[in-house]
Amino acid sequence: MAGTLSVGLAAPAAAQEGEAPTTRVDDIVVIGNVPLREQIDVFVGEVTEPPEGRGPARWSRRGGVCVGVANLRQDVAQAVADRVSDRARLLGLTVGEPGCRANVLIIATDDGQALARALVERSPNAFRPDYAGSSKTRRELELFVETDRPIRWWHVSMPVISGQGIPAVKLPGDDPPRIPGMGRVRTAVRNVLLRAYVIIDLDQTEHLTLNQLADYAAMVAFAQIDPDAEVDQFSTILNVLEDPAAVSELTDWDLAYLGAVYTGERNQRDPRSQVSSVAASMYADRDAAVEQQAPSPAAE
């Protein structure tokens, strides 16, 4: 089914009476007296949601991504695929050539719930492969189907052995893998994204621009984002469904988060330490931005 999307620019949001005092530097919003590091810790803790017991997964730089867009008019689908692919390149990811096998699937529909149910019923193993650490729980898959959100997403990942790229979990019919020991703090296992499904309900997103839709899809495809994250106090594309005038594209805050996900080894054994490492990387980026954009002292 084909769909059309608005491409007009959204107007800037007006400040609301009674909000906490804020200071804006570019799109870095310092809320009251809350330190920047604390804001980032809250944001990263809210949005980052890998499968239980796993650290944040990311796409392999070597394998990269291939973006496929379905059920939109060809020129619109190509524009969405091109923009999402450009966002992938910003993260240092390889992007597949035309004709590649899509592993980031963005599907438009007029009934997101019905489409999600049909896809899961047709290929349940594609959403929850039979190995540890592949995805969220069966109950969370049911919520993915049942939700009425305008945009829903699902990731499939695989734990692999760093430097070898081979599965770090037992696959059906194979022997258990031999995982090199790296001590009590570090691990040789990292989590790699294999597939991302993003389903867009056109009837509920007709108020968004093409860039907003594509950037929202990129945000939730390239990182394991919690759909229930409460981020209304932050400058992020994740707020665009409720407030289309808030942002017109991925913000510097969003790009800093995505960049942090793709920075560093992420070889801490404790998944919570991996999330903390993402927050530390994001803080380094945003702190440097604040320093660069701070006004110079007035000449005496």
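Residues numbered from 1 in each chain as written. Predicted model: local features only at pLDDT ≥ 70, side-chain atom pairs only at ≥ 80, totals over all residues. Heavy atoms only, no water.

### Remarks on the packing of helix H8 (residues 252-261) against helix H9 (residues 271-293)
Relative to each other, H8 and H9 sit at 135 degrees, their axes nearing to 8 Å. Overall, the two elements H8 and H9 adopt an arrangement that is oblique. When you trace H8 past H9, the crossing you get is right-handed. Along its contact with H8, which presents Asp252, Trp253, Ala256, Tyr257, Ala260 and Val261, the element H9 presents Val278, Ser281, Met282, Asp285 and Arg286. Considering only residue class, the contact of H8 with H9 consists of 7 nonpolar, 1 polar and 3 charged. (Axes fitted to C-alpha atoms, helices over the stretch in contact; angles between N-to-C directions. Helix = DSSP H or I, 4+ residues; strand = E, 2+ residues; numbered from the N terminus. Parallel < 35°, antiparallel > 145°, perpendicular 65-115°, else oblique. Left-handed = near helix turned anticlockwise from the far one by under 90°. Contact = heavy atoms within 4.5 Å. Nonpolar A, V, L, I, M, F, W, Y, C, P; charged D, E, K, R; others polar.)

### Regarding the pattern of salt bridges
Two side chains with opposite charge may pair up if their charged atoms get near one another. Within the structure shown, the criterion is met by 13 salt bridges. In this structure, the salt-bridge partner of arginine 87 is glutamate 249, at a minimum N-O distance of 3.9 Å. Placement of arginine 87 in helix H2 (residues 74-90) and of glutamate 249 in the loop between helix H7 (210-222) and H8 is noted, with a sequence separation of 162 residues between them. With relative accessibility at 13%, the residue arginine 87 sits in the buried group. Among the salt bridges present, the one from aspartate 270 reaches arginine 272, with a minimum N-O distance of 3.1 Å. In this structure aspartate 270 comes out as partly exposed when scored by relative accessible area, which is 29%. One network of salt bridges, with partners in common, ties together Arg83, Arg87, Asp215 and Glu249. (Salt bridge = Lys/Arg side-chain N within 4 Å of Asp/Glu carboxyl O. Buried < 20%, exposed > 50% of the residue type's maximum accessible area, 1.4 Å probe, protein only.)

### Section: the nonpolar core
Ranked by size, the top nonpolar core spans 62 residues in total, and within it Ile106, Phe222 and Tyr257 carry the most contacts. Top element by residues in this core is H7. It accounts for 10 residues. Here tyrosine 257 is in contact with Phe43, Val44, Val47, Thr48, Met219, Ala223, Ile225, Val278 and Met282, once residues within four sequence places are set aside. Grouped together as the second largest cluster of nonpolar side chains are 19 residues, Ile107, Leu119, Trp154 and Tyr197 included. (Core = buried A, V, L, I, M, F, W, Y, C linked by side-chain atoms within 4.5 Å.)

### Focus: the pairing of strand S3 (residues 67-70)
On S3, burial follows the alternation: Val67 and Val69 on one face are buried, whereas Gly68 and Ala70 on the facing-out side are not. This β-α-β element, S3 to H2 to strand S4 (residues 104-109), shows left-handed connectivity. (Right-handed = clockwise from strand over helix to strand, strands pointing away.)

### Focus on H7
Here H7 spans 18 Å end to end across 13 residues, near enough to the 18 Å set by a 1.5 Å rise per residue. Burial analysis of H7 places 12 of its 13 residues in the buried class, which makes it a mostly covered element. Looking only at H7, the buried set comprises Leu210, Gln212, Leu213, Ala214, Asp215, Tyr216, Ala217, Ala218, Met219, Val220, Ala221 and Phe222. Residues of H7 that are buried in the fold lie against H2, S4, strand S5 (151-161), strand S6 (189-201), helix H6 (202-205) and H8. (Expected span 1.5 Å × (residues − 1).)

### Some thoughts on the confidence of the model for the protein
Per-residue pLDDT for the protein averages 87, and the proportion of residues at 70 or more is 87%. This stretch, residues 1-26, has a pLDDT under 50; its non-local contacts, to residues over four places away or in other chains, come to 47 contacts. (pLDDT = per-residue confidence, 0-100.)

### Some details on the pairing of S6
Taking burial as the measure, the 13 residues of S6 include 10 buried ones, the bulk of the element. Sheet analysis places S4 next to S6, joined by 6 bridges and oriented parallel. What sits directly across from alanine 108, in S6, is isoleucine 200. (Pairing = 2+ DSSP bridges.)

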